[in-house]
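Here's the letter readout for the chains.
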Amino acid sequence: MRRHLVLLTAWTVLWFLIVEPSGGVSWHYLRQGQQLLFDGGPGGGLSLYAHHPELQIGPVSLLVARLFAPFPDHLGRLLAEVTMSALGLVMLVLVGRTAAWDQRGTGTNHRRLQQRILVAGLAFIPMWVEVSVRFGHLDDVLALFFTTLAVHALARGRPLAVGVFLALAVDSKPWALGFLPLALALPRRLWARTLLCCVALIAAAWLPFYLGNLSTMAAAKFTIPNQPASALRWLGVSDPATPWWDRPAQFAFGMLLGAIAVRRGRWAAVVLLGADVRILLDPSVYTYYTASVLLGTLLWDAVGQRRLVPWWSWIAFVSLYGGTLLIPSASARGFVRLAFVVVSSAYVLLWPVRRTDRRRAHRAGGGVPGPRNPRSPVAPGDSAR
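Analysis parameters
- Residues numbered from 1 in each chain as written.
- Predicted model: local features only at pLDDT ≥ 70, side-chain atom pairs only at ≥ 80, totals over all residues.
- Heavy atoms only, no water.
- Helix = DSSP H or I, 4+ residues; strand = E, 2+ residues; numbered from the N terminus.
- Buried < 20%, exposed > 50% of the residue type's maximum accessible area, 1.4 Å probe, protein only.
- Contact = heavy atoms within 4.5 Å.
- Salt bridge = Lys/Arg side-chain N within 4 Å of Asp/Glu carboxyl O.
- Axes fitted to C-alpha atoms, helices over the stretch in contact; angles between N-to-C directions.
- Parallel < 35°, antiparallel > 145°, perpendicular 65-115°, else oblique.
- Left-handed = near helix turned anticlockwise from the far one by under 90°.
- Nonpolar A, V, L, I, M, F, W, Y, C, P; charged D, E, K, R; others polar.
- Polar contact = N/O pair within 3.5 Å; in protein donor to acceptor, adjacent residues only side chain to side chain.
- Expected span 1.5 Å × (residues − 1).
- Phe/Tyr/Trp six-rings, centres within 6.5 Å; stacked < 30°, edge-to-face > 60°.
- Patch = residues over 30% accessible without salt bridge, like charges linked within 9 Å, V, L, I, M, F, W, Y side chains within 5 Å.
- Areas by Shrake-Rupley, 256 points an atom, 1.4 Å probe, with all protein chains shown as cover.
- pLDDT = per-residue confidence, 0-100.

Turning to the overall build of the protein chain, a few remarks are in order. A count of helices and strands for the protein chain gives 15 helices and two strands. In terms of overall dimensions, the protein chain has a C-alpha envelope of 60 × 50 × 45 Å along the principal axes. Among the 385 residues that make up the protein chain, the fraction classed as buried is 55%. Summarising the internal contacts of the protein chain: among those between residues at least 6 apart in sequence, 76% fall at separations of at least 24.

If you want it as structure tokens, here you go:
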């Protein structure tokens with residue numbers, strides 16, 4: 001074990017022990033969903049989403065939740081929380097390896113990279129425990145985990161794996177559609193094969209429900225209250241619940257920004273931009289949403305730039321999570337959310353970049369090249385080490 005991983009493991013255990021006594025707030029949705037899907041009965045089976053549109057949980061997540069069904073309720077929830085917490089540590093390892101692989105041939109100082117992962121991980125872990133333990137959102141956890149695997153496969157130049165993992169992310173939680181532009185970071189000749197694989201696996205997971213009960217289409221219209229602290233309020237949207245255009249706009253705008261990022265050689269920003277769009281346009285303000293933003297800032301801090309201090313991870317943690325705890329005014333919290341989205345998105349898309357010599361030659365057994373655009377965002381005057 002590397003020293004930084006030992007420290008991050010201890011940090012995770014500490015947060016787990018703090019949060020677990022009040023954890024599993026939403027675990028009952030996973031338990032109910034997997035029972036309805038696999039045990040059948042009225043409103044279950046392939047009619048699940050038609051009769052229970054509130055279960056905005058992908059079938060892959062329900063399949064994984066089924067693994068914990070044989071245990072008593074409390075023990076099953078506890079085992080799920082431990083498993084989800086451990087996945088957060090696996091993701092930190094994967095991001096570190098992704099950064100090392102992506103920056104090979106550039107003289108990267110790996111000790112400094114480990115330090116960046118440590119400092120960024122200290123901000124990431126509390127939010128990961130929020131989604132995995134406090135709320136027990138296995139669907140969000142799996143969507144982010146599979147997205148991390150897709151990013152790692154992308155850096156390694158494995159197009160089919162990229163397509164498979166992106167599809168599994170969407171099959172775990174539909175909002176992961178915003179991360180699909182990651183596939184565009186592959187060489188253009190590989191786009192069709194990767195995206196075809198991805199679309200086929202998404203269809204295989206979701207089409208049976210739509211064909212089994214045509215009323216499943218209505219599940220996409222499920223609404224939640226438009227909270228006073230949402231960024232939507234600052235955009236002038238005062239509807240009491242989710243506007244009809246909101247979900248399609250989230251997917252379209254997220255994918256558009258992600259495609260622009262890839263076009264500008266900043267594929268490491270795709271996850272952050274997709275998460276930004278989610279908190280910008282979502283009418284709710286649950287703290288577990290911030291976990292996706294922290295994964296995005298972690299990837300940007302580790303892969304997208306090489307500053308020693310991962311500022312964006314801590315800016316996100318302090319403004320989005322700290323603001324929730326410390327700012328009493330709902331309207332002010334909404335403004336902070338809006339400001340973070342605007343500033344962080346503008347930074348990762350517009351900050352000056354320069355080319356670096358990555359020497360992306362094939363290595364023995366290396367397969368296809370990684371991301372097609374070799375530009376790497378760095379601040380003016382930053383050292384390459």
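This is not the end of the story, as more comes after the structure.
The subject of this paragraph is the pattern of salt bridges. As enumerated under the stated definition, the model contains eight salt bridges in all. Here Arg-134 makes a salt bridge to Glu-130, at a shortest N to O gap of 3.0 Å. With Arg-134 and Glu-130 both in helix α6 (residues 110–134), this residue pair falls four residues apart, about one helical turn. According to the relative accessible area criterion, Arg-134 is partly exposed, its value standing at 24%. Salt bridges sharing partners connect three or more residues here, namely Asp-139, Asp-140, Lys-173 and Arg-278.

What follows deals with the packing of helix α1 (residues 3–19) against helix α5 (residues 73–102). Where α1 contacts α5, the two axes come as close as 11 Å, and the packing angle between them is 150 degrees. Of the possible angle classes, the one that applies to α1 and α5 is roughly antiparallel. In the crossing of α1 with α5, the sense of the turn from one axis to the other is right-handed. Mapping the contact onto sequence places Leu-5, Leu-8, Thr-9, Thr-12 and Phe-16 in α1 and Leu-78, Glu-81, Val-82, Ser-85, Leu-89, Leu-92 and Val-93 in α5. Considering only residue class, the contact of α1 with α5 consists of eight nonpolar, three polar and one charged.

Summarising the element assignment, Arg-266 is placed in the loop between α11 (246–263) and α12 (270–281). Among the polar contacts listed, one links the side chain of Arg-266 to the backbone oxygen of Trp-351, at a separation of 2.6 Å.

The next thing to look at is helix α7 (residues 138–155). If you check α7, its first and last C-alpha atoms are 26 Å apart, about what 18 residues at 1.5 Å a residue would give, namely 26 Å. Along α7, 18 of the 18 residues are buried, which leaves the element largely enclosed by surrounding structure.

The next subject is the packing of aromatic side chains. Using the criterion set out here, one finds 19 aromatic pairs in the structure. With a centroid separation of 5.6 Å and an interplanar angle of 40 degrees, the aromatic rings of Phe-317 and Tyr-321 are classed as tilted. Taken as a pair, Phe-317 and Tyr-321 lie in helix α14 (residues 311–326) at a separation of four residues, close to a single helical turn. Residue Phe-317 is classed as buried on the basis of its relative accessible area, which comes to 15%.

A cluster of nonpolar residues, Leu-308, Val-309, Trp-311 and Ile-315, forms a patch on the protein surface that exposes about 340 Å² of accessible area. Locating Val-309 in the fold gives a position in the loop between α13 (290–304) and α14.

So, on to the packing of α7 against helix α8 (residues 159–172). Where α7 contacts α8, the two axes come as close as 8 Å, and the packing angle between them is 170 degrees. The angle between the axes of α7 and α8 places the two elements in the roughly antiparallel class. Residue-level contacts link Asp-139, Leu-142, Ala-143, Phe-146, Thr-147, Leu-149, Ala-150, Ala-153 and Leu-154 of α7 to Ala-161, Val-162, Phe-165, Leu-166, Leu-168, Ala-169 and Ser-172 of α8.

Turning our attention to the confidence of the model for the protein chain. Across the protein chain, pLDDT averages 89, with 91% of residues at or above 70. Every residue in residues 355–368 is under pLDDT 50, and counting partners more than four places away or in other chains gives 33 contacts. A low-confidence stretch, residues 373–385 stays under pLDDT 50, and its non-local contacts, those more than four residues away or across chains, total 41 contacts.

Relative to the assigned elements, Ala-332 resides in helix α15 (residues 330–350). With relative accessibility at 28%, the residue Ala-332 sits in the partly exposed group. Spatially, the C-alpha atoms of Ala-332 and Trp-234 are 9.7 Å apart, while their sequence positions differ by 98 residues.

Further remarks concern the side chain of Gln-250. Here Gln-250 lies in helix α11. In terms of polar contacts, Gln-250 uses its side chain to reach the side chain of Asp-246, at 2.9 Å. With residues near it in sequence (within four places) discarded, Gln-250 still touches Val-277, Arg-278, Leu-281 and Asp-282.

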